[in-house]
Amino acid sequence: MNPRYLLKMVGCFVVLLASFTAASQTHDIVISVTPQAHQNYKQLINDKPCIDVNHYLQKPVYRGSLELLIICKALTLGGIKPHFIFKTVPNYSRALLETQKGHVAIMGESVWLKNIDTTKLWQTAPIFKSGEYIKGFYTTHSQLAFIESQIKKSQLTKKPTLNVIQTLTVASSNNWVFDWQLLNALDLTVINVPTTQSMCEMIKHNRANVILTDLMMSGSKDILYHCADTVFYPVKGVKITFKQTRHFVVSKQHPTSVVVHQALQTGLAQLRAQGDLAKMFFPETANAALVNNWEDLGTNLDVFF
């Protein structure tokens, strides 16, 4: 055999071997996580490789746990075998700050586009494109029937559904900047409450009527929301669709940021192309069509632009 040809073949083999080794090696990745999301994520994967978790219609499925799963799957598909080192944070704002400072490599949930400082963070393609992120008003079973009956009356008399929602008291937080702006733009009565748990407690004890939370990424067939040891039900027929996009971010301060960002981008593109993201958005397929027909109160708002 020609020595030059043999040398070329050996070189190609070495490159392929190096690529395979890099892809198969486990990478320690520090990632931010809230306590509840961490607990739900551990229940969701149940000690299995994240790439093997494909059943999303189960109790631990909420946006917090599913976004962690998406990050893990995307990294795996992008050529990195991740070993997450979780850094506990109390909320979204703290997670973003920790990522900007480089204390974590990846923020463990998606970030509003307007919150991304591109001098400090790499951003992925949108995990939620404009119009894909949807929230609804949730309440207790005891309050649900009355609210929905009022909505039906307004529809029969051809009055705006918003008129009914404006009679309710919403528990929210001014730390949730986009929610807060939107609720006030709709001229709703909003009470500023520091934590989700406290919001749910207020509704549970009839000191508020509804909370605005995710209508998607729910592991419940009926899109139920569990909080403060109580089941919360969506007010059917009304939703808010967000125009602002949401992205995953990687800290530029972290030494492996470029490789991690590239892997995330590659994997996310594959998950979207395969239809996996659509399955995670609505684990119960019928709910996508159901929610699509609900009135969107955010249609004419330009709060986010």
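Residues numbered from 1 in each chain as written. Predicted model: local features only at pLDDT ≥ 70, side-chain atom pairs only at ≥ 80, totals over all residues. Heavy atoms only, no water.

1. With respect to the packing of aromatic side chains
The way to describe two aromatic rings as a pair is by their centre distance and the angle between their planes. Counting across every chain of the model gives eleven aromatic pairs. Relative to Phe 178, the ring of Trp 112 has its centre 4.9 Å away and its plane inclined at 55 degrees; by these criteria the two rings are tilted. Residue Trp 112 is located in strand S3 (residues 111–112), and its partner Phe 178 is located in helix H7 (residues 177–185); the two are separated by 66 residues in the primary sequence. Here the two residues Trp 112 and Phe 178 agree in accessibility, since each one is buried. Between the aromatic rings of Trp 112 and Phe 242, the centroid separation amounts to 5.3 Å while the plane-to-plane angle is 35 degrees, which identifies the pairing as tilted. Here Trp 112 is found in strand S3, whereas its partner Phe 242 is found in strand S11 (residues 238–242), with 130 residues between them in sequence. For Trp 112, a relative accessible area of 6% translates into the label buried. Taken together, the ring pairs in this structure connect Trp 112, Phe 128, Tyr 133, Phe 178, Phe 242 and Phe 281 into an aromatic cluster. Over the ring of Trp 112 we find Arg 246; its NZ or CZ atom is 4.6 Å from the centre of that ring. Over the face of the ring belonging to Tyr 133 we find Arg 246, whose NZ or CZ atom lies 5.1 Å from the ring centre. (Phe/Tyr/Trp six-rings, centres within 6.5 Å; stacked < 30°, edge-to-face > 60°. Helix = DSSP H or I, 4+ residues; strand = E, 2+ residues; numbered from the N terminus. Buried < 20%, exposed > 50% of the residue type's maximum accessible area, 1.4 Å probe, protein only. Lys NZ or Arg CZ within 6 Å of the ring centre and 35° of its normal.)

2. Focus on the packing of helix H3 (residues 63–77) against helix H9 (residues 257–273)
Across the interface, H3 lies against H9 with an axial gap of 7 Å and an inter-helix angle of 100 degrees. The angle between H3 and H9 falls in the class roughly perpendicular. Taking contact as the criterion, the partners of Ile 70, Ile 71, Lys 73, Ala 74, Leu 75 and Leu 77 in H3 are, on H9, Val 260, Ala 263, Leu 264, Gly 267, Leu 268, Gln 270 and Leu 271. Looking at the contact of H3 with H9, its residues break down into ten nonpolar, two polar and one charged. (Axes fitted to C-alpha atoms, helices over the stretch in contact; angles between N-to-C directions. Parallel < 35°, antiparallel > 145°, perpendicular 65-115°, else oblique. Contact = heavy atoms within 4.5 Å. Nonpolar A, V, L, I, M, F, W, Y, C, P; charged D, E, K, R; others polar.)

3. Quick notes on empty space enclosed by the protein
Using the criterion set out here, one finds one cavity of 30 Å³ or more in the structure. Leu 215, Met 216, Met 217, Ser 218, Ser 220, Ile 223, Phe 281, Phe 282, Pro 283, Glu 284 and Asn 287 together form the lining of the largest cavity. The class makeup of the residues in the lining of the largest cavity is seven nonpolar, three polar and one charged. (1 Å grid on protein atoms, 1.4 Å probe; cavity = no way out; pocket = protein on both sides within 12 Å on 5 of 7 lines; lining within 4 Å. Points joined across faces, edges and corners; volume = space filled by probe spheres on them.)

4. Here we look at the packing of helix H2 (residues 35–45) against H3
Packing of H2 against H3 leaves a shortest axis separation of 8 Å and a crossing angle of 60 degrees. Between H2 and H3, the interaxial angle falls into the category oblique. Here the hand of the crossing between H2 and H3 comes out right-handed. Residue-level contacts link Ala 37, Asn 40, Tyr 41, Leu 44 and Ile 45 of H2 to Gly 64, Ser 65, Leu 66, Leu 68, Leu 69 and Cys 72 of H3. (Left-handed = near helix turned anticlockwise from the far one by under 90°.)

5. Observations regarding the side chain of Thr 99
For Thr 99, the location among the structural elements is in helix H4 (residues 92–101). Apart from residues no more than four positions distant in its own chain, Thr 99 is found in contact with Val 104, Ala 105, Ile 106, Met 107, Leu 121, Val 249, Val 250 and Ser 251.

6. Considering the pairing of strand S8 (residues 210–214)
Counting buried residues in S8 gives five out of five residues, a clear majority hidden from the surface. By the bridge criterion, four bridges tie strand S5 (residues 133–139) to S8 in an arrangement that is antiparallel. Paired with Tyr 138 across the strands is Ile 211, a residue of S8. In terms of strand pairing, strand S6 (residues 169–172) meets S8 through two bridges, oriented parallel. Bridge assignment links Ala 171 to a residue of S8, and that residue is Ile 211. (Pairing = 2+ DSSP bridges.)

7. Considerations on H4
For the α-helix, the turn length of 3.6 residues means that residues three or four positions removed from each other point alike. Considered for burial, the residues of H4 that qualify are Tyr 92, Ala 95, Leu 96, Glu 98, Thr 99 and Gln 100. Looking at the buried side of H4, the elements it contacts are strand S1 (26–33), strand S2 (81–88), S3, strand S4 (121–123), strand S12 (246–247) and strand S13 (249–251). Near the N-terminus of H4, the side chain that reaches the backbone nitrogen of Ser 93, with its oxygen 3.3 Å away, is that of Asn 91. (Polar contact = N/O pair within 3.5 Å; in protein donor to acceptor, adjacent residues only side chain to side chain.)

Limitation: the analysis is restricted to geometry and does not speak to function.
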